[in-house]
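Each chain, letter by letter, is given below.
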Amino acid sequence: MTVQELPGAASYRPTPPPAWKPRTDPAPLLPDPEPHRVLGTEAVAGFAPELLRRLHAELVRGRRYNAQATALTKQGRLAVYPSSTGQEACEVAAALVLEERDWLFPSYRDTLAAVARGLDPVQALTLLRGDWHTGYDPREHRVAPLCTPLATQLPHAVGLAHAARLKGDDVVALAMVGDGGTSEGDFHEALNFAAVWQAPVVFLVQNNGFAISVPLAKQTAAPSLAHKAVGYGMPGRLVDGNDVVAVHQVLSEAVDRARRGGGPTLVEALTYRIDAHTNADDATRYRGDGEVETWRQHDPIRLLEQELTERGLLDEDGIRQAADAAEAMAARLRERMNADAELDPMDLFDHVFAEQTGQLREQAAQLRAELAAEAEGDVR
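Small disclaimer: the values here were computed from a predicted structure and weren't measured.

(A) The overall build of the chain, seen in detail. A count of helical and extended segments in the chain gives twelve helices and seven strands. Projected onto its principal axes, the C-alpha coordinates of the chain cover approximately 95 × 65 × 45 Å. The 380 residues of the chain split such that 44% are buried. Here the analysis covers contacts within the chain between residues at least 6 apart in sequence; of these, 76% occur between residues at least 24 apart. For the chain, the accessible area works out to roughly 19,400 Å², and carbon and sulfur atoms hold 52% of it.

Below, the structure is given as structure tokens:
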């Protein structure tokens, strides 16, 4: 029997279910009209000098790390390196706002965030070197694999955060993505699930103006990427991505909100990619030198140094110490990366499946026999 055949069906008039009504007042979810800033305002006085000096040291180290990794690419020690020069404030703040138990889900450009979180710089570059899997143990460091496919790390972050909440673990996931990644389906699916499940996850969009050569205006007609949060039922925050103190504050508030059960937040950080997309990109074909120079005047290190020196929180000696520490890091990185890696062909079969398949066992045995025969031939 169908619904139409039931007694009284003729007088039945369905009414919209409650889900048709607005579930959330959109006003509190809307981002501010202007990007949130701290540097250059009196709000700086509310931050601990120790935090401000640490942010400065990490920015200086991050800039040197980017420069050294770019040089290693030109020397053939790396296959490719997507530099985050100009975006160091986002990278450093994302790493420093997390507790040890939390998880970072980086994109391919976020090696600096992983290093700022404590990952060995060489391990962070291993994938880009074309060597051994991810290069590090994600579970040990609470840093997911550096993700080359755009935005696929975002649903993973939501899944981990949701699972942690179900288990009762006090864990927050912070997922990083570029403006280009917001055009991928994974971005929208991740935000929708995160909001429905109220998962403890923070999405950080580093809007650096271009998805390789495609400007933001050709990707979206929204007032800002932060406005997209409203459609999914989560707060959107807009922040000056070159103001490291502002980014740290906004992300800290979002992480705290997620940890207290308030659900996800979408943060859009307005920044700029000073270097080319990678060493394989010619950025002069889609942007002018004048545009790049304008953003150099809004450099995150320059902004913070000016603020701290004017307030007497940083002097020439402190600036020199930060530069010397960064140079020492770069020297160690050069020395280790210039050493040829000792490769074991049998590594090909490790960490593929939890339990090796019969086909892989057969292939491993075949390779092992070939290597043994080759070694025996060398001895003879």
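Continuing now.
(B) Summary view of the side chain of His-277. Counting through the fold element by element, His-277 comes out in the loop between β7 (265–270) and α9 (289–296). Here His-277 falls in the buried class, since its relative accessible area comes to 11%. Polar contacts involving the side chain of His-277 include one to the side chain of Arg-109, which spans 2.8 Å. Contacts of His-277, omitting those with residues within four sequence positions, involve Pro-82, Ser-83, Tyr-108, Arg-109, Ile-212 and Tyr-286.

(C) Main features of the packing of aromatic side chains. Evaluation of the coordinates by the stated rule reveals five aromatic pairs. Relative to Tyr-81, the ring of Tyr-65 has its centre 6.4 Å away and its plane inclined at 80°; by these criteria the two rings are edge-to-face. Placement of the pair is Tyr-65 in helix α1 (residues 49–74) and Tyr-81 in the loop between α1 and α2 (88–96), with a sequence separation of 16 residues. You can call Tyr-81 buried: its relative accessible area is 3%. Between Phe-193 and Trp-197, the ring centres sit 4.8 Å apart and the planes meet at 35°, which makes this aromatic pair tilted. Of the two residues, Phe-193 and Trp-197 both sit in helix α7 (residues 185–197), four residues apart, roughly one turn of that helix. A relative accessible area of 43% means that Phe-193 is categorised as partly exposed. Given the relative accessible area of 32%, Trp-197 is considered partly exposed.

(D) Structural view of the environment of Val-115. Turning to its location among the elements, Val-115 is positioned in helix α3 (residues 111–116). Owing to a relative accessible area of 6%, Val-115 belongs among the buried residues under this scheme. For Val-115 and Val-244, which are 129 residues apart along the polypeptide, the C-alpha to C-alpha distance reads 17 Å.

(E) Main features of helix α6 (residues 153–167). Taking 1.5 Å of rise per residue, 15 residues should cover 21 Å, and α6 covers 21 Å from first to last C-alpha, within 8% of that figure. Remark: Gly-168 follows α6 within two positions and exhibits a positive phi of approximately 85°.

(F) Inspection of the environment of Pro-106 at higher detail. As for its position among the elements, Pro-106 is in the loop between β1 (103–105) and α3. Setting aside anything within four residues of it in sequence, one finds Pro-106 in contact with Val-143, Ala-144, Pro-145, Leu-146, Cys-147, Gln-153 and Met-176.

(G) Structural detail: the pattern of salt bridges. The tally for this structure, following the rule as stated, stands at 18 salt bridges. In this structure, Glu-88 and Arg-63 form a salt bridge, with 2.5 Å as the shortest nitrogen-oxygen distance. Linking Glu-88 in helix α2 with Arg-63 in helix α1, this pair joins segments that are 25 residues apart in sequence. Connected through shared salt-bridge partners, Arg-101, Asp-102, Asp-170 and Arg-259 make up one network.

(H) Here's a closer look at the nonpolar core. Core analysis: the biggest nonpolar cluster contains 60 residues, and Tyr-65, Leu-125, Leu-174, Val-245 and Leu-251 have the highest contact counts within it. Once you skip the residues sitting within four places of it in the chain, Tyr-65 turns out to touch Tyr-81, Thr-111, Leu-112, Val-115, Pro-121, Ala-124, Leu-125, Met-329 and Leu-333. Ranked by size, the runner-up nonpolar core spans 26 residues in total, among them Val-158, Ala-161, Ala-164 and Ala-199.

(I) Region of the structure containing the sheet that holds strand β6 (residues 236–240). The strand order across the open sheet formed by five strands is β1-β2-β3-β7-β6, and the pairing between neighbours is parallel. The open sheet has two edge strands with one neighbour each: β1 and β6. This sheet shows a mean twist of 20° between the axes of neighbouring strands, independent of strand direction. When β1 meets strand β2 (residues 173–178), the two strands line up parallel, connected through three bridges. For Trp-103, the partnering residue across the bridge sits in β2 and is Ala-173. Strands in contact with helix α8 (residues 244–259) are β2, β3 (201–207), β6 and β7; relative to β6, the strand with the most contacts, it is inclined by about 160°.

(J) Structural context of the side chain of His-162. For His-162, the position within the fold is in helix α6. For His-162, a relative accessible area of 15% corresponds to the buried category. Setting aside its immediate chain neighbours within four residues, His-162 contacts Trp-197, Ala-199 and Pro-200.

(K) Local environment of helix α10 (residues 300–310). Those residues of α10 not exposed but buried are Pro-300, Ile-301, Leu-304, Glu-305, Glu-307 and Leu-308. The buried residues of α10 all sit within an arc of 165° when viewed along its axis, so they share a single face. Considering only its buried residues, α10 is in contact with α1, α2, α8 and α11 (316–337). Where α10 begins, one side-chain oxygen reaches toward the backbone nitrogen of Ile-301, 2.9 Å away; that side chain belongs to Asp-299. One or two residues past the end of α10 sits Gly-312, with phi positive at roughly 75°.

How each quantity is defined
Residues numbered from 1 in each chain as written. Predicted model: local features only at pLDDT ≥ 70, side-chain atom pairs only at ≥ 80, totals over all residues. Heavy atoms only, no water. Helix = DSSP H or I, 4+ residues; strand = E, 2+ residues; numbered from the N terminus. Buried < 20%, exposed > 50% of the residue type's maximum accessible area, 1.4 Å probe, protein only. Contact = heavy atoms within 4.5 Å. Areas by Shrake-Rupley, 256 points an atom, 1.4 Å probe, with all protein chains shown as cover. Polar contact = N/O pair within 3.5 Å; in protein donor to acceptor, adjacent residues only side chain to side chain. Phe/Tyr/Trp six-rings, centres within 6.5 Å; stacked < 30°, edge-to-face > 60°. Expected span 1.5 Å × (residues − 1). Salt bridge = Lys/Arg side-chain N within 4 Å of Asp/Glu carboxyl O. Core = buried A, V, L, I, M, F, W, Y, C linked by side-chain atoms within 4.5 Å. Pairing = 2+ DSSP bridges. Axes fitted to C-alpha atoms, helices over the stretch in contact; angles between N-to-C directions. Arc of directions from axis to C-beta.

Purely spatial values, then, with no claim about function.
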